[in-house]
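# Coordinates in review
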Amino acid sequence: MPFSPMQLEYFREANHRWNVKSGATRSGKTFMDYYLIPKRIRDVSGKDGLTVLLGNTKGTLQRNIIDPLMAIWGDKLVSSIRSDNTAELFGETVYCLGADKISQVNRLRGSSIKYCYGDEVATWHSEVFQMLKSRLDKHYSKFDGTCNPEHRKHWFKQFIDGDADVYCQNYTLDDNPFLDPDVAESLKREYADTVYYDRYVKGLWVNAEGLIYRSFADNSKRYVIDSLDGLNIAFATIGVDFGGGTSAHAFNCTAFTRGLKEIITVHDYRRKDAATPEAIYSDFGKFLAECRLILPKGIPLVDVYADSAEQTLIGGMKTRAVKEHWGVEIHNARKKPINDRIRFYCILQGADRYKVLKNCKATIEAFEEAMWDSKEITADVRLDNGTTNIDSLDAQEYSTEPYMTDILKITR
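A brief structural summary. Each chain has its residues counted from 1, following the order in which its sequence is written. A pLDDT threshold of at least 70 governs which residues receive local features in this predicted model, and a stricter bar of 80 or more applies before side-chain atom pairs are shown or counted, although totals over entire chains, interfaces and linings include all residues. The side-chain numbers reported here are obtained from all heavy atoms of the structure, hydrogens and water having been left aside.

## Thoughts on the packing of helix α12 (residues 361-369) against helix α13 (residues 391-400)
Selection criterion: Interaxial angle, 0 to 180 degrees, is taken between N-to-C directions of lines fitted to C-alpha atoms, where a helix line uses only the stretch in contact. Note on conventions: DSSP H or I runs of at least 4 residues are helices, E runs of at least 2 residues are strands, and numbering of each starts at the N terminus. Geometric relationships in this document are graded by angle, where less than 35 degrees denotes roughly parallel, more than 145 denotes roughly antiparallel, 65 to 115 denotes roughly perpendicular, and other angles denote oblique. It only takes one pair of heavy atoms within 4.5 Å for two residues to be counted as in contact. As a working rule, the residues Ala, Val, Leu, Ile, Met, Phe, Trp, Tyr, Cys and Pro are called nonpolar, Asp, Glu, Lys and Arg charged, and the rest polar, with Gly in that last group.
Following both chains from N to C, one finds α12 and α13 inclined at 105°, their axes separated by 8 Å at the closest point. By the criterion of interaxial angle, the relationship of α12 to α13 is roughly perpendicular. Across the interface between the two elements, A362, T363, A366 and F367 from α12 touch S392, L393 and Q396 from α13. Residue composition of the contact of α12 with α13, by class: four nonpolar, three polar and no charged.

## A look at the state of the cysteines
For the record, the criterion: For this text, the term disulfide refers to a pair of cysteine sulfurs within 2.5 Å. Under the scheme applied here, a residue whose accessible area is under 20% of the maximum for its type counts as buried, over 50% as exposed, and between as partly exposed, the area being computed with a 1.4 Å probe on protein chains only.
Under the criterion given, the structure shown has zero disulfides. Free of any disulfide, C168 has its nearest cysteine sulfur in C147, 7.0 Å distant. Judged by its relative accessible area of 25%, C168 falls in the partly exposed class. No disulfide involves C360; its sulfur sits 8.5 Å from the nearest other cysteine sulfur, which is in C253. Residue class for C360 comes out buried when judged on its relative accessible area of 0%.

## Looking at empty space enclosed by the protein
In plain terms, the rule: Only protein atoms enter the 1 Å grid used here, on which a cavity is any set of points holding a 1.4 Å probe that cannot leave and a pocket is any open set flanked by protein within 12 Å on both sides along at least five of seven lines; residues with an atom within 4 Å of a point are listed as lining. Grid points are joined across faces, edges and corners, and a volume is the space filled by probe spheres set on the points.
One pass over the full model with this rule turns up three cavities of 30 Å³ or more. Of the voids in this model, the largest cavity is the one considered here, and its volume is about 60 Å³. As for the largest cavity, its lining consists of E365, A366, E369, A370, M371, R382, L383, T388, N389, I390 and L393. For the lining of the largest cavity, the element with the highest residue contribution is α12, accounting for three residues. Its residues assigned to classes, the lining of the largest cavity shows six nonpolar, two polar and three charged.

## Observations regarding the layout of surface pockets
When its volume is computed, the largest pocket comes out at roughly 2,200 Å³. The wall of the largest pocket is formed by 50 residues, among which T25, E120, N148, Y200 and R343 lie closest to the centre. Counting residues per element, the lining of the largest pocket draws most heavily on helix α11 (residues 338-350), at six residues.

## Digging into the sheet that holds strand β5 (residues 113-118)
Where we set the bar: Two strands qualify as a pair provided that DSSP identifies no fewer than 2 bridges between them.
Judged by pairing direction, the sheet is mixed, and its seven strands sit side by side in the order β3-β4-β2-β5-β6-β1-β7 without closing on themselves. Only two strands of the sheet have a single partner each, and these edge strands are β3 (86-89) and β7 (166-171). Shown here is a sheet whose adjacent strand axes are inclined to one another by a mean of 20°, direction ignored. Summarising the sheet, β5 and strand β6 (residues 142-147) pair through four bridges and their orientation is parallel. Paired with G118 across the strands is G145, a residue of β6. Along the sheet face, helix α2 (residues 33-43) touches β1 (18-23), β2 (50-55), β3, β4 (92-98), β5 and β6 and points at about 175° away from the line of β5.

What is shown is where atoms sit, not what they do.
This is the structure:
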């Protein structure tokens, strides 16, 4: 089995209590672990203590680690994660737990851990890692972990740079000689001019600063189109962000081409002044009719995803939809984490898979002006100080959330 120079170096040198691979996505950080994990488990077989695998969630741990291990070594040596959160790996019973919430791993309190593998460590709840530090207490205990970089003040970065017995490798995308060059170039193009290029291509721990969608802000003409002519549109949805206080009400209609290759904002609405529920419903009915005039004849527009924080307004909208025969179904927006939504649009814009009709002034302005909050140095936070238009961004994101995972799976 061929390994990269970085991977071979890790095999030779990663003999500390804490062993970490940090860096770019698709750089080969995890692949070699499918051969390292069996060795680590067998090295401590029969010794006192627990063997533990931790990931962002149990589901991601199954997909990222258990499934590939099973594909390589077979189901006689590797089992799936069972209902009691354990799996059989290479003759050992291993605890397999999500680490995004401290409650998920409370069962490990008081236990001694002889070996722990950590997947996506930077996504964990910090208290989980604090607990792990006190449990990795045998003289032969070891930890192997991987992560993509985050901001410079991230708690895991502080640990890596501290005085613990840490061996850390830092990977760039180009450290993986087995990655298809076309895929590597696609990743670089998709993340260009964003904080994600520094983190996921160059492997750097950097703060999110300045404009979020720099490529859009620098060259919005690249994304703005005059019409839908020539686009093979399959269906459309609407996202609704209800305002209040300094926020505005926003509606965004998004069209999806066949095969989910591209998404296009075809119409938007933003109302900043105070509005009664009845006025909002009336405006939405008009907006819906306008969307159907803009979309090619016969294109289905039946799903509306509305801000789930406003259940009273959603209820009223559902009643109005039935009464006035809008022909749509109102759903609660799924509301993925904001930074997941931001990354999605950075990727689509970098890959030229997002377009917006020129009449969508509020959305164009929102993408041009969206910024990271410079006052936040311990997290990536989108600026929301009442002067920026994040309402149209929220509405836009809600309209596409149910399809984000599938869209990102499409071949680049």
